[in-house]
Amino acid sequence: MSQKPFFVLANFKMNMDTASLKKYFSNIKKIAKYTPLGFAIPYVYLANSKKIMRHTAVKIGAQDCSAFDKGAYTGQISAAMIEDVGCDFCIVGHSECRKRGDSNADIQHKLEKLKNTNVSVVLCIGESLEQRKNHTFDAFLLEQLQTVFSTFDANELERVMIAYEPIWAIGTGITPSMEDIQATILMIKRMIADHYPSPMMMPKVLYGGSVNQNNILDIKENTNADGVLVGGASLDIEEFQRMIKNIC
Ligand code: PGA
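The structure displayed is predicted, hence computed values, not measured ones.

**Examining the pattern of salt bridges**
Part 1: Applying the stated criterion to the full structure yields eight salt bridges.
Part 2: Residue Lys113 is joined to Asp69 by a salt bridge in which the shortest nitrogen-to-oxygen separation is 3.5 Å. Of the two residues, Lys113 is situated in helix α5 (residues 104-115) and Asp69 in the loop between β3 (59-62) and α3 (79-84); the sequence distance between them amounts to 44 residues.
Part 3: Across the salt bridge formed by Arg132 and Glu127, the nearest N and O atoms sit 3.0 Å from each other. The pair Arg132 / Glu127 is uniform in exposure class, with both members buried.
Part 4: One salt-bridge network, in which partners are shared between bridges, spans Asp64, Asp102 and Lys110.

Below you can see the structure in the form of structure tokens.
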């Protein structure tokens, strides 16, 4: 089994509460040494999660941020606020946010705001089933990647991760074949290399969409993903522990 570091990023979406997070994280502390871990937490629990996980290498981050700096944007949370509560990263461009209206232009503004902080970025990209079937997904993914290309210089890529999440695989229990994941991630890495011919560091490219305890090892061993973004299967601590055990 290969020993490459494999980043497991859990996205809790709009789930959990104070008590369940406390219990969950006390179990995570026991397995945190086995593989790099990150958790994208609802805003209101970020500061407390960061506090619970201090003295560990576990990364804590937000699921989205505002495209604006500050002001009359009721209900929004700025990149600077996310930095202020000590977050390590922020997801941007999740397909559930794109579905609610985020355009690539909005996403680029969010990336620009995050660039002014110390918070790393996880940009989610992914095509629809129709785009996959009619082979237009490559141009679509490139367009989504342009938001990073227009925002970050080659020497800033250590702050960027890409999560390839086909929309049709999110929350459906369906995943692409390992060959398709491998080919698409290779293509994404090639697109990045074409734009940044000699980066100091290539961004990690994760796979997301119906990752679970049964397929995580296959993804780790049989694709060139640098990690996974896990939604539903991360919510149950026992399942999550089994996933980590399966890859270590
Ligand atoms: P899923 O979600 O693992 O439940 O498919 C992944 C995601 O939305 O990031």
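Read on, since the account is not over.
**Things to note about the site of the ligand**
Part 1: The local shell around the ligand holds 13 residues, among which Lys13, His94, Glu165, Gly171 and Ser210 are the closest.
Part 2: Measuring from an oxygen atom of the ligand, one finds a side-chain N or O atom of Glu165 at 2.7 Å.
Part 3: Interatomic distance of 2.8 Å between a backbone N/O atom of Gly232 and an oxygen atom of the ligand.
Part 4: Look at the ligand: alone it shows 280 Å² of surface, and the protein chains cover 94% of it.

**Things to note about empty space enclosed by the protein**
Part 1: Applying the stated rule across the entire model yields one cavity of 30 Å³ or more.
Part 2: In terms of lining residues, the largest cavity is bounded by Gly93, Ser95, Arg98, Cys124, Ile125, Gly126, Glu165 and Ile167.
Part 3: Listed by contribution, the elements that provide at least two residues to the lining of the largest cavity are α4 (95-99) and β5 (120-125).
Part 4: Taken together, the residues of the lining of the largest cavity break down into three nonpolar, three polar and two charged.

**Quick look at unusual backbone geometry**
Part 1: In this model, Lys13 sits at a positive phi of 50 degrees, which is unusual for a non-glycine residue.
Part 2: Here Lys13 lies in the loop between β1 (7-11) and α1 (18-31).
Part 3: A positive phi angle, close to 70 degrees, is found at His55, a residue other than glycine.
Part 4: With respect to the secondary-structure elements, His55 resides in the loop between α2 (46-52) and β3.

**Thoughts on a negative patch on the surface**
Part 1: A contiguous patch of negative charge on the surface is contributed by Glu179, Asp180, Asp218 and Glu221.
Part 2: Of all the secondary structure elements, the ones that give two or more residues to the negative patch are α8 (178-195) and α9 (216-222).
Part 3: One can find Glu221 in helix α9.
Part 4: Residue Glu221 is classed as partly exposed on the basis of its relative accessible area, which comes to 33%.

**Details of α1**
Part 1: Under the 1.5 Å per step criterion, the end-to-end length of α1 is 21 Å for 14 residues, consistent within 8% with the ideal 20 Å.
Part 2: Among the residues of α1, Leu21, Tyr24, Phe25, Asn27, Ile28 and Ile31 are the ones counted as buried. Across the axial projection of α1, the buried residues extend over an arc of 160 degrees, all falling on one side. Among the exposed residues of α1, those oriented more than 90 degrees off its buried face are Ala19, Lys22, Lys23 and Lys30.
Part 3: Buried-residue contacts for α1 involve β2 (37-40), α2, β3 and α10 (237-247).

Cut-off values and rules
- Residues numbered from 1 in each chain as written.
- Predicted model: local features only at pLDDT ≥ 70, side-chain atom pairs only at ≥ 80, totals over all residues.
- Heavy atoms only, no water.
- Salt bridge = Lys/Arg side-chain N within 4 Å of Asp/Glu carboxyl O.
- Helix = DSSP H or I, 4+ residues; strand = E, 2+ residues; numbered from the N terminus.
- Buried < 20%, exposed > 50% of the residue type's maximum accessible area, 1.4 Å probe, protein only.
- Near = heavy atom within 4 Å.
- Polar contact = N/O pair within 3.5 Å; in protein donor to acceptor, adjacent residues only side chain to side chain.
- Areas by Shrake-Rupley, 256 points an atom, 1.4 Å probe, with all protein chains shown as cover.
- 1 Å grid on protein atoms, 1.4 Å probe; cavity = no way out; pocket = protein on both sides within 12 Å on 5 of 7 lines; lining within 4 Å.
- Points joined across faces, edges and corners; volume = space filled by probe spheres on them.
- Nonpolar A, V, L, I, M, F, W, Y, C, P; charged D, E, K, R; others polar.
- Patch = residues over 30% accessible without salt bridge, like charges linked within 9 Å, V, L, I, M, F, W, Y side chains within 5 Å.
- Lys, Arg positive; Asp, Glu negative; His and termini not counted.
- Charge placed at Lys NZ, Arg CZ, Asp CG, Glu CD.
- Expected span 1.5 Å × (residues − 1).
- Arc of directions from axis to C-beta.
- Contact = heavy atoms within 4.5 Å.

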